[in-house]
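Spelled out, the chains give:
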Amino acid sequence: SSGINAEWPLRPGTEVRAGDRLKVGWTSNNHAGGWVRLALVPDGQHKVYEHFEKNVLKIVCYGHDERKGRTSYGDCIHPCNARKGCEYMANKYDGNRYDTTIKIPYNLAEGVYILQYMSAMSAHKTFYYSCARLKIVGGEPSLPCKRTGLAPVAHGCMAGTAVPLTKYEQNTKMGDFCFSPKGLGDQDADMSRVPINPECDPRITCQLSVNSKQCMSEDNKMKDIVDSWDPKQTCKGEIVPPPEPTCSDGIKNNGEQMVDCGGPECEKCFEEPTEPVDTRIYKSLDYTQKQWEDGNINIRAVVTVSKDANDWRYTMFFTKAVDIRTFWGCKIISHNDFKTIWTFGPQHWTKKIKPGQVIQLGFNGKFEADGEYPECVTKNFRAYDPDAY
């Protein structure tokens, strides 16, 4: 499971045995749609990108909030119905909750391996990468498991809007992995088996949410995750496989198109699903950002309003900490402890807005001058209702 900007070379590897199932998750970051490519190579080989391309484990859904009206235009409110700690993905059709499980191959020599995560979620046009170190023991390298062709792709993923599935698969093949102690095998044949780390909770914190109050109201156990580098819940009692999903359990699961209908297992839906209501209140949001090697950053946002609102909030979510020191056209409402999520509201003369009105906002700040520039991965302009937040 991943933490925030995890510096994997500095952390000890998780020890696993050949044949173990391992829960792997990622935080939603308020995004929805796209895929995640998982690949596994020996430590040392990770320095060559092509080695990951030739050792893909599988391609799974990035995730999205499947509840009605909760996902629109590639965004949702974190944790976006992500699977919590002490639960795990036990069914191949239940893959939209920001996690999966992998099976540790039987034919790997004992040693340290690098598990790579690669995703271009939502409307992102470039891939993002993260890695975890695994110490694998108990394997049998003499097992012959030559594979050809592409790695399997999960069912029912919501596509990202910028990068197609073919880009994840380009120049790749499935690694020569054995998922049976006797040979090739299917890596997800025993997916219902409890993984060795069900306590993993990749939701991490409500501080990552653009609406932390709503996040906490949905599950106040989020506050129990105290270590963002190793996010876990304390599980009570024995973890057992969840019941098999059915077409009458009142839950949208099992690859269903709507609750208890459609998909690969259930009868066709009588009512066709519809797109969520457009909740945006702007026609366009033009964002420009300039940054310099000394750590200074300048941001401009020009919003053209499309709907009436009595109050509004503008939120920016950065990939690294930004200390915004001056701003105009707005006032500061809040920022999270990491200074990665900033929310601003109106000055009194721009509080009530009407269609066609143009709101101009500006910001100056500082970031750590370590050679890595911050990227604003979410920009959100919404109506504000004090009773809802």
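Cut-offs and rules
Residues numbered from 1 in each chain as written. Predicted model: local features only at pLDDT ≥ 70, side-chain atom pairs only at ≥ 80, totals over all residues. Heavy atoms only, no water. Helix = DSSP H or I, 4+ residues; strand = E, 2+ residues; numbered from the N terminus. Rg over C-alpha atoms; globule rule 2.2 N^0.38 Å. Buried < 20%, exposed > 50% of the residue type's maximum accessible area, 1.4 Å probe, protein only. Contact = heavy atoms within 4.5 Å. Areas by Shrake-Rupley, 256 points an atom, 1.4 Å probe, with all protein chains shown as cover. Core = buried A, V, L, I, M, F, W, Y, C linked by side-chain atoms within 4.5 Å. Phe/Tyr/Trp six-rings, centres within 6.5 Å; stacked < 30°, edge-to-face > 60°. Patch = residues over 30% accessible without salt bridge, like charges linked within 9 Å, V, L, I, M, F, W, Y side chains within 5 Å. Salt bridge = Lys/Arg side-chain N within 4 Å of Asp/Glu carboxyl O. Lys, Arg positive; Asp, Glu negative; His and termini not counted. Charge placed at Lys NZ, Arg CZ, Asp CG, Glu CD. Pairing = 2+ DSSP bridges. Axes fitted to C-alpha atoms, helices over the stretch in contact; angles between N-to-C directions. pLDDT = per-residue confidence, 0-100.

(A) Representation of the overall build of the protein chain. Check the secondary structure of the protein chain and you find three helices and 15 strands. The C-alpha atoms of the protein chain give 22 Å as radius of gyration, which agrees with the globular expectation for 389 residues (21 Å, within 12%). Along the longest, intermediate and shortest principal axes, the C-alpha atoms of the protein chain span 70 × 55 × 40 Å. In the protein chain, which comprises 389 residues, the share counted as buried stands at 47%. Taking contacts inside the protein chain between residues at least 6 apart in sequence as the whole, the part at least 24 apart equals 74%. Of the roughly 19200 Å² of accessible surface on the protein chain, 50% is carried by carbon and sulfur atoms.

(B) Highlighting the nonpolar core. In this structure, Trp26, Leu40, Tyr98, Ile102, Leu115, Leu134 and Ile136 are the most contacted members of the largest nonpolar core, which totals 37 residues. When residues of this core are traced back to their parent elements, those giving at least two are strand E2 (21-25), strand E3 (35-42), strand E4 (56-61), strand E6 (111-119) and strand E7 (128-137). A per-element tally of this core places E4 first, with five residues. Here Ile102 is in contact with Asp20, Arg21, Leu22, Val24, Leu38, Leu57, Lys58 and Leu115, once residues within four sequence places are set aside.

(C) View of the packing of aromatic side chains. Under the definition given, this model contains 13 aromatic pairs. With a centroid separation of 6.2 Å and an interplanar angle of 10°, the aromatic rings of Trp342 and Phe344 are classed as stacked. Residue Trp342 shares its accessibility class with Phe344, and that shared class is buried. Centroid distance Phe344 to Phe363: 4.7 Å. Interplanar angle 55°. Geometry classified as tilted. Linking Phe344 in strand E13 (residues 341-345) with Phe363 in strand E14 (residues 358-366), this pair joins segments that are 19 residues apart in sequence. Across this residue pair, the class does not change: Phe344 and Phe363 are buried. Each member of the aromatic cluster is reached from another via a ring pair, and the members are Tyr314, Phe327, Trp342, Phe344 and Phe363.

(D) Focus on a positive patch on the surface. Residues Lys331, Lys351, Lys352 and Lys354 make up a contiguous surface patch of positive charge. By secondary structure assignment, the location of Lys351 is in the loop between E13 and E14. When its relative accessible area of 40% is taken as the criterion, Lys351 is described as partly exposed.

(E) Summary view of the pattern of salt bridges. The tally for this structure, following the rule as stated, stands at 21 salt bridges. The residue Arg70 makes a salt bridge to Glu218 at a minimum N-O spacing of 2.9 Å. One end of the pair, Arg70, is in the loop between E4 and strand E5 (99-103); the other, Glu218, is in helix H3 (residues 212-218), with 148 residues separating them in the sequence. Accessibility expressed as a relative area gives 34% for Arg70, which makes it partly exposed. On the accessibility criterion, Glu218 (34% relative accessible area) is partly exposed.

(F) View of unusual backbone geometry. In this structure, the amide linkage connecting His78 to the following residue, Pro79, adopts the cis form with an omega of 15°. One can find Pro79 in the loop between E4 and E5. At Asn30, a position not held by glycine, the phi torsion is positive, near 65°. Within the secondary structure, Asn30 is located in the loop between E2 and E3. Of note, the phi angle at Cys86 is positive, near 75°, even though the residue is not glycine. On the secondary structure map, Cys86 appears in the loop between E4 and E5.

(G) Molecular detail of the sheet that holds E4. Spatial strand order, E1-E7-E6-E3-E4: five strands in an open sheet with mixed pairing. Of all the strands in the sheet, the pair left with one neighbour each is strand E1 (14-17) and E4. For this sheet, the mean angle separating the axes of adjacent strands, direction not counted, is 30°. Sheet topology places E3 next to E4; five bridges connect them, and they run antiparallel. Counterpart to Leu38 in the pairing with E4 is Lys58.

(H) A look at the confidence of the model for the protein chain. Mean pLDDT over the protein chain works out to 88, with 94% of the residues at or above the 70 mark. Below a pLDDT of 50 lies the segment residues 1-10, which in the model reaches 28 contacts outside its immediate sequence neighbourhood of four places, other chains included. Note that pLDDT drops below 50 for residues 272-276; the model gives that stretch seven contacts with residues more than four away or on any other chain.

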